[in-house]
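Secondary and tertiary structure notes
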There are 6 protein chains.
Amino acid sequence: MNKNRGIIIGRMQPVHNGHIQVIKKTFEEVDELIIGIGSAQLSHTETDPFTAGERIIMLTKALAENDIHSDSYYIIPIVDLLMNSVWASHVKMLTPPFKKVFSGNPLVQRLFTEENYLVSIPPLFDRNQLSGTEIRRRMIMNEKWEHLVPKSTAKIINEINGIGRLKQVAKKELIIK
Amino acid sequence: MNKNRGIIIGRMQPVHNGHIQVIKKTFEEVDELIIGIGSAQLSHTETDPFTAGERIIMLTKALAENDIHSDSYYIIPIVDLLMNSVWASHVKMLTPPFKKVFSGNPLVQRLFTEENYLVSIPPLFDRNQLSGTEIRRRMIMNEKWEHLVPKSTAKIINEINGIGRLKQVAKKELIIK
Amino acid sequence: MNKNRGIIIGRMQPVHNGHIQVIKKTFEEVDELIIGIGSAQLSHTETDPFTAGERIIMLTKALAENDIHSDSYYIIPIVDLLMNSVWASHVKMLTPPFKKVFSGNPLVQRLFTEENYLVSIPPLFDRNQLSGTEIRRRMIMNEKWEHLVPKSTAKIINEINGIGRLKQVAKKELIIK
Amino acid sequence: MNKNRGIIIGRMQPVHNGHIQVIKKTFEEVDELIIGIGSAQLSHTETDPFTAGERIIMLTKALAENDIHSDSYYIIPIVDLLMNSVWASHVKMLTPPFKKVFSGNPLVQRLFTEENYLVSIPPLFDRNQLSGTEIRRRMIMNEKWEHLVPKSTAKIINEINGIGRLKQVAKKELIIK
Amino acid sequence: MNKNRGIIIGRMQPVHNGHIQVIKKTFEEVDELIIGIGSAQLSHTETDPFTAGERIIMLTKALAENDIHSDSYYIIPIVDLLMNSVWASHVKMLTPPFKKVFSGNPLVQRLFTEENYLVSIPPLFDRNQLSGTEIRRRMIMNEKWEHLVPKSTAKIINEINGIGRLKQVAKKELIIK
Amino acid sequence: MNKNRGIIIGRMQPVHNGHIQVIKKTFEEVDELIIGIGSAQLSHTETDPFTAGERIIMLTKALAENDIHSDSYYIIPIVDLLMNSVWASHVKMLTPPFKKVFSGNPLVQRLFTEENYLVSIPPLFDRNQLSGTEIRRRMIMNEKWEHLVPKSTAKIINEINGIGRLKQVAKKELIIK
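So, here's what we can say about the structure.

What counts, and at which threshold
- Residues numbered from 1 in each chain as written.
- Chains lettered and ligands numbered in written order.
- Predicted model: local features only at pLDDT ≥ 70, side-chain atom pairs only at ≥ 80, totals over all residues.
- Heavy atoms only, no water.
- Helix = DSSP H or I, 4+ residues; strand = E, 2+ residues; numbered from the N terminus.
- Rg over C-alpha atoms; globule rule 2.2 N^0.38 Å.
- Buried < 20%, exposed > 50% of the residue type's maximum accessible area, 1.4 Å probe, protein only.
- Pairing = 2+ DSSP bridges.
- Axes fitted to C-alpha atoms, helices over the stretch in contact; angles between N-to-C directions.
- Contact = heavy atoms within 4.5 Å.
- Least-squares fit on C-alpha atoms with pLDDT ≥ 70 in both.
- Buried area = accessible area lost by both parts, 1.4 Å probe.
- Salt bridge = Lys/Arg side-chain N within 4 Å of Asp/Glu carboxyl O.
- Polar contact = N/O pair within 3.5 Å; in protein donor to acceptor, adjacent residues only side chain to side chain.
- Phe/Tyr/Trp six-rings, centres within 6.5 Å; stacked < 30°, edge-to-face > 60°.
- Right-handed = clockwise from strand over helix to strand, strands pointing away.
- Parallel < 35°, antiparallel > 145°, perpendicular 65-115°, else oblique.
- Left-handed = near helix turned anticlockwise from the far one by under 90°.
- Nonpolar A, V, L, I, M, F, W, Y, C, P; charged D, E, K, R; others polar.

The next thing to look at is the overall build of chain A. Within chain A one finds seven helices and five strands. Starting at the N terminus, the α and β elements of chain A follow one another as β-α-β-α-β-α-β-α-β-α-α-α. Since a compact globule built from 177 residues should have a radius of gyration of about 16 Å, the 17 Å found for chain A is in line with a globular shape. Structurally, chain A occupies a C-alpha span of about 55 × 40 × 25 Å along its principal axes. Burial statistics for chain A: of 177 residues in total, 64% are counted as buried.

Okay, the sheet that holds strand S4 (residues 100-102) of chain D next. Within the open sheet, the five strands sit side by side as S3-S2-S1-S4-S5 (chain D). Their pairing is parallel. Each edge of the open sheet carries a strand with a single partner, namely strand S3 (73-77) and strand S5 (118-120) of chain D. Neighbour to neighbour, the strand axes of the sheet diverge by 25° on average, direction disregarded. Where strand S1 (residues 5-10) of chain D meets strand S2 (residues 32-37) of chain D, six bridges bridge the pair, whose relative direction is parallel. Paired with D:Gly10 across the strands is D:Ile37, a residue of S2(D). Lying over the sheet, helix H2 (residues 52-65) of chain E contacts S1, S2 and S3 of chain D, oriented at roughly 140° with respect to S3(D).

A few words now on the relation of the copies chain B and chain E. Each copy of the sequence occupies a distinct position, and chain B is placed on chain E by a rotation of 120° and an axial shift of 0.0 Å, giving an RMSD of 0.0 Å. The symmetry that links the two subunits is that of a three-fold axis. Identified as the residue of chain B closest to the rotation axis by C-alpha distance is B:Leu82, at 7.2 Å.

As a further point, take the interface of chain A and chain F. Opposite the 28 residues of chain A that make contact, chain F presents 29 residues. In total, chain A and chain F occlude about 2100 Å² of area from one another, counting both sides; carbon and sulfur atoms represent 65% of this. Run the count over chain A and chain F and you get two salt bridges. A salt bridge links A:Lys61 to F:Glu32; its shortest N-O distance comes to 3.8 Å.

Moving on, we come to the environment of D:Tyr117. Residues and elements named next belong to chain D. Along the chain, the position of Tyr117 falls in the loop between helix H4 (106-114) and S5. Judged by its relative accessible area of 17%, Tyr117 is buried. With 16 residues separating them in the primary sequence, Tyr117 and Val101 have C-alpha atoms 6.9 Å apart. The contact partners of Tyr117, leaving out residues within four places of it in the chain, are Lys92, Phe98, Lys99, Val101 and Phe112.

Residues and elements named next belong to chain C. The strand order S3-S2-S1-S4-S5 describes an open sheet built from five strands, whose pairing is parallel. At either end of the open sheet lies a strand with only one pairing partner, and these are strand S3 (73-77) and strand S5 (118-120). Here the strands of the sheet are splayed against their neighbours by 25° on average, with no regard to which way each runs. Where strand S4 (residues 100-102) lies against S5, three bridges are found, and the strand directions are parallel.

Between chain B and chain E, the contact holds 18 residues from the first and 23 residues from the second. Roughly 1900 Å² of surface becomes buried between chain B and chain E when both sides are summed, with 57% attributable to carbon and sulfur atoms. Note that B:Arg165 is salt-bridged to E:Glu114, the shortest N-O span being 3.0 Å. Summed over the shared surface of chain B and chain E, the result is five residue pairs in polar contact (both at pLDDT 80 or more).

Further remarks concern the arrangement of the chains. There is a gap between chain B and chain D: no contact, and a shortest C-alpha distance of 19 Å. A gap remains between chain E and chain F, with no contact made and the closest C-alpha atoms lying 19 Å from each other.

Applying the stated criterion to the full structure yields 24 aromatic pairs over all chains. Ring geometry for C:Phe112 versus C:Tyr117: centroids 5.5 Å apart, planes at 90°, classification edge-to-face. As far as burial versus exposure is concerned, C:Phe112 and C:Tyr117 are alike and both buried. Look at E:Phe98 and E:Phe112: their rings are 5.9 Å apart centre to centre, the planes differ by 80°, and that puts the pair in the edge-to-face class. Taken together, the positions of E:Phe98 in the loop between helix H3 (84-94) and strand S4 (100-102) and E:Phe112 in helix H4 (residues 106-114) put the pair 14 residues apart, joining distant regions of the chain. Like E:Phe98, the residue E:Phe112 is buried in the burial classification. Counting every residue linked through ring pairs, the aromatic cluster contains A:Trp87, A:Phe98, A:Phe112 and A:Tyr117.

Once that is clear, we can look at the relation of the copies chain A and chain F. When chain A is fitted to chain F, the residual RMSD is 0.0 Å, and the transformation amounts to a turn of 180° plus an axial shift of 0.0 Å. Taken together, the rotation and translation describe the operation of a two-fold axis. Minimal C-alpha separation from the rotation axis in chain A is found for A:Ser70, amounting to 2.8 Å. Comparing interface residues between copies, 100% of those in chain A also lie at the interface in chain F; the contact surface is shared.

Applying the stated criterion to the full structure yields 78 salt bridges over all chains. The shortest N-O distance in the salt bridge between F:Lys25 and F:Glu28 comes to 3.7 Å. Given the relative accessible area of 37%, F:Lys25 is considered partly exposed. Among the ionic contacts, a cluster of salt bridges with common partners joins A:Glu54, A:Arg165, B:Arg110 and B:Glu114.

On to the pairing of S2(D). Residues and elements named next belong to chain D. S2 sits mainly inside the fold: six of its six residues count as buried. With burial as the criterion, each face of S2 is covered, one bearing Glu32, Ile34 and Gly36 and the other bearing Leu33, Ile35 and Ile37. A crossover connection joins S1 to the parallel S2 through helix H1 (residues 17-26); in handedness this β-α-β unit is right-handed. Pairing of S2 with S3 involves five bridges; the strand directions are parallel. Residue pairing for S3: Gly36 is matched across the bridge by Ile76. On the question of chirality, the crossover connecting S2 to the parallel S3 by way of helix H2 (residues 52-65) is right-handed.

This paragraph deals with the packing of H2(D) against helix H6 (residues 151-159) of chain D. All names here are of chain D. Their axes nearest at 8 Å, the elements H2 and H6 cross at an angle of 150°. In this view, H2 runs roughly antiparallel relative to H6, as classed from their interaxial angle. Considering how the two elements wind past one another, H2 and H6 form a crossing that is right-handed. Residue-level inspection shows Ile57, Met58, Lys61, Ala62 and Glu65 of H2 in contact with H6, the latter providing Lys151, Ser152, Thr153, Ile156 and Ile157. Looking at the contact of H2 with H6 residue by residue, the classes come out as five nonpolar, two polar and three charged.

This part takes up helix H3 (residues 84-94) of chain D. Among the eleven residues of H3(D), ten are classified as buried, and the element is accordingly described as predominantly covered. Three or more residues of H3(D) are buried, namely D:Asn84, D:Ser85, D:Val86, D:Trp87, D:Ala88, D:Ser89, D:His90, D:Val91, D:Met93 and D:Leu94. At its buried positions, H3(D) is contacted by helix H3 (84-94) of chain A, S1, S3 and H4 of chain D together with H2 and strand S3 (73-77) of chain E.

Attention now moves to the side chain of F:Thr26. All names here are of chain F. Among the structural elements, Thr26 can be located in helix H1 (residues 17-26). A polar side-chain atom of Thr26 sits 2.6 Å from the main-chain carbonyl oxygen of Ile23. Apart from the residues within four sequence positions on either side, Thr26 is in contact with Ile8, Leu33 and Phe102.

Within the secondary structure, C:Glu32 sits in strand S2 (residues 32-37). Taking relative accessible area as the criterion, C:Glu32 reaches 4% and is therefore assigned buried. At 3.4 Å, the side chain of C:Glu32 forms a polar contact with the side chain of C:Tyr74. With near-sequence residues (within four places) excluded, C:Glu32 lies in contact with B:Lys61, C:Lys3, C:Asn4, C:Arg5, C:Gly6, C:Phe27, C:Asp71, C:Ser72 and C:Tyr74.

As a packed pair, helix H4 (residues 106-114) of chain C and helix H7 (residues 162-170) of chain D sit with axes 7 Å apart at the nearest point and diverge in direction by 145°. Helix-helix and strand crossings are classified by hand; for H4(C) and H7(D) the assignment is left-handed. Judged by residue contacts, C:Pro106, C:Leu107, C:Gln109, C:Arg110 and C:Glu114 of H4(C) engage D:Gly164, D:Arg165, D:Gln168 and D:Val169 from H7(D).

Mapping D:Lys24 onto the fold places it in helix H1. Exposure remark for D:Lys24: the relative accessible area of 41% places this residue in the partly exposed category.

The next subject is unusual backbone geometry. Cis geometry is adopted by the peptide bond preceding A:Pro14, which originates at A:Gln13 and carries an omega value of -5°. Topologically, A:Pro14 is positioned in the loop between strand S1 (5-10) and helix H1 (17-26). In this structure, B:Leu82 takes a positive phi of about 65° despite not being glycine. Its place among the elements puts B:Leu82 in the loop between strand S3 (73-77) and helix H3 (84-94). What makes B:Leu82 exposed here is its relative accessible area of 64%. Of note in the backbone geometry, B:Asn161 takes a positive phi value of approximately 50° without being a glycine. Mapped onto the fold, B:Asn161 is located in the loop between helix H6 (151-159) and helix H7 (162-170). Its relative accessible area of 43% is what places B:Asn161 among the partly exposed residues.

What follows is the structure, encoded as structure tokens:
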């Protein structure tokens, strides 16, 4: 149980190169990493197009592509709870024990700090390009996005026709409401 | 069980002439129609002023007014689930079996298409006037709205003092928060 | 809106002759009847085998079979809320306005009485045979049950292989838990 | 904030002399006491007849009757969460900060111990008579119960006709299900 | 039970002088006051930084500071229900019986009016300064805010480092999403 | 995406040799296996003592101990939904796509069969001994249980003092309720 284990949580809509860079970086500090898939209940919206299951397989393939061994991580879907002050406790319930939290999200930092966890802020990457928001924008606008995500992620998104889905759910409703 | 049955879902805040036109049109393609009242848990807000029960009675009277026989439809309130990818399954649970889905909403189209349903997009009407948003705006601004809804709907809204309710909940809070 | 309207609520697992007799009786006192399908979220268990949608279609056909006109009733699925003291309010939200409540269930009687509704207890029928519990027991034990339900209900249960479903979910788990 | 403050949680269905004795005892160890009303969402059942609001007023009056000053306690309703491992965190969210937990319930003891709280087991009283279960049984069977609860609690139960409610919801359903 | 009792509900993020002025004013009309802490499940956000427990203790101390005796009020946390038309019923479940409702919020006014409660609108204060929104803005911008809240509230906010928390959760996310 | 992938779901309270035998057997039919941890929200009760996180680590270690490579499986916690007819859809949302379902539970078999999945019943093992119920009974009664679970599972249970927890939550409440 008492491994040097850390946790990082992201919505991964979709998995992109920034996620992989940050995950690689955290392995300099921990032996095992829990990767939480945030807002796991969401899918089929403009900001959250992919299901938890789709994000789990994207991430698994992307880590394999980057030679991160499946022995060294746990991927856990985490649904939103809408009660911030019990959220850290909820994450703890769903995951193996961990010592360090990696997060660039000030709320996540705060919630774990108040529970006396050690919180690290991962280094900054080029946020203008490497963000889910930017990648989804490019997908909708038919701009180049494949170079911003792992090869295996682009392959999965194409297999499930993810671009088609994103474009469709991003359309305004046409007639009845 | 094996009727040629379709489904259409709308929030109907309130029922208006566009809904009735679309419903009539769908009867050219199906023998029986399920009419889902969406966001059934909402009421007393600027965008969703009426309760599910009020919307059910509005719709029942409006269909009678338009000589659509009560033998040929089912009205079913459907609460939001906040998990898009199980929503179609949730609708299925609450309704008699159906074969066709009628929807102008791209998300609804997508969710039922992914479950292998046949989805039709109803023809477009004059969306600028015939929308719940426009009708509620007119109600708040004391503009003419009655001609945009069935007579029986206008009657019910007046009986329950729906305009008073809408105006009150649309007001900004005055003192304490 | 101001019809002489009543409400009756039952789980209808499945619809049986006792339900139809009670419903007919209530029409001596009201012009329109709301029929609530209770525990609408449940299905596929030994005590609640059928989905809300299946129960809605059973009831619709059974009422037609008994010459009760679809103009005179509303069928509304009602999910459990697990907060008894707001339950009556929740029912009110989902239904057209009503004046009388018909119920043989002491809890339902109490909750509506505390909200100042007029509550009537329907007359007793032969409860030993005409109960969902007895009918489901007979279905599982391969005993005669069809004569206890409307013809159309028996037909639907056979079409959806309801007996097969009930027997399967009533089985003890065989291996892993 | 840094008072010597403790917490005790009970369903209080209804408040009885055992609760008051235990609460008095805890004041030997703390300056302020948080009294959590457990299963606050339940009411109108055989095991949980009273609403949270009714239990709050019972307890307030009973504490006044016993000269426990309203400056020294907080009464907080706590709904069930159905996720034991985040329950202590949920209680923390709803209450002022506390240092000691008083509980005779092994699960409550465990959950707070795992969160590193100091947990005390209150002394045993005559559990055969001083339990909610026994008092509710006596109420239903028309046996003497008033001497087991504070005078003010008996008065409130009579004012709201609590015995009538308990007897009614404890009855078996008579006809329809 | 039959006291002349009223209710007022606010999110109290944080408690400020406007709340205290309004509460004092209501005591001219009632003997006892229920003070509901709204959106009790929220905390750690820019609009709702404090937990229900923190708001309860802020309010208790502020009332003592203003010589409002703890015998005369009940503080009850109330979580959001997201079903407006059962909300008044939910509040009733959680609170001792009340006769008057004090609210400057049009929605709250409407919901209680529809349940036949007597609703009063408290007098207006200087809303530009005495609002939670303005006070939180000043906290984030390092402007003077302490004079807008009771002394005891300022003390508690400092003890729990509330400004630090608010500033942190109000920051934009820095890296991963 | 289009692997020959199956799913098996169990509560794993705790992981035992029967689980491992069944899992090994399923690998004769699939290349990859999703292992769902059922009732993931439960812990700290007599029937469900361990958290989802604890069960995930038990299972991970047990699979490694049995030379099942971490490349070939996904472990996913699945909370209960209390709506059987949308449950299969909920599982689908949380998991990578799968073709076969392995289950000895008649309800699980039914729900996936109705969604047109291929369902296999795993072979029977000595159910009298290899069941969570029996193992928890032995733990409480101080009987031999370690030989019924993987070595690594016994080690983890001892590290977290699982027997102490189980015994404590299985005790009857001693004083207050």
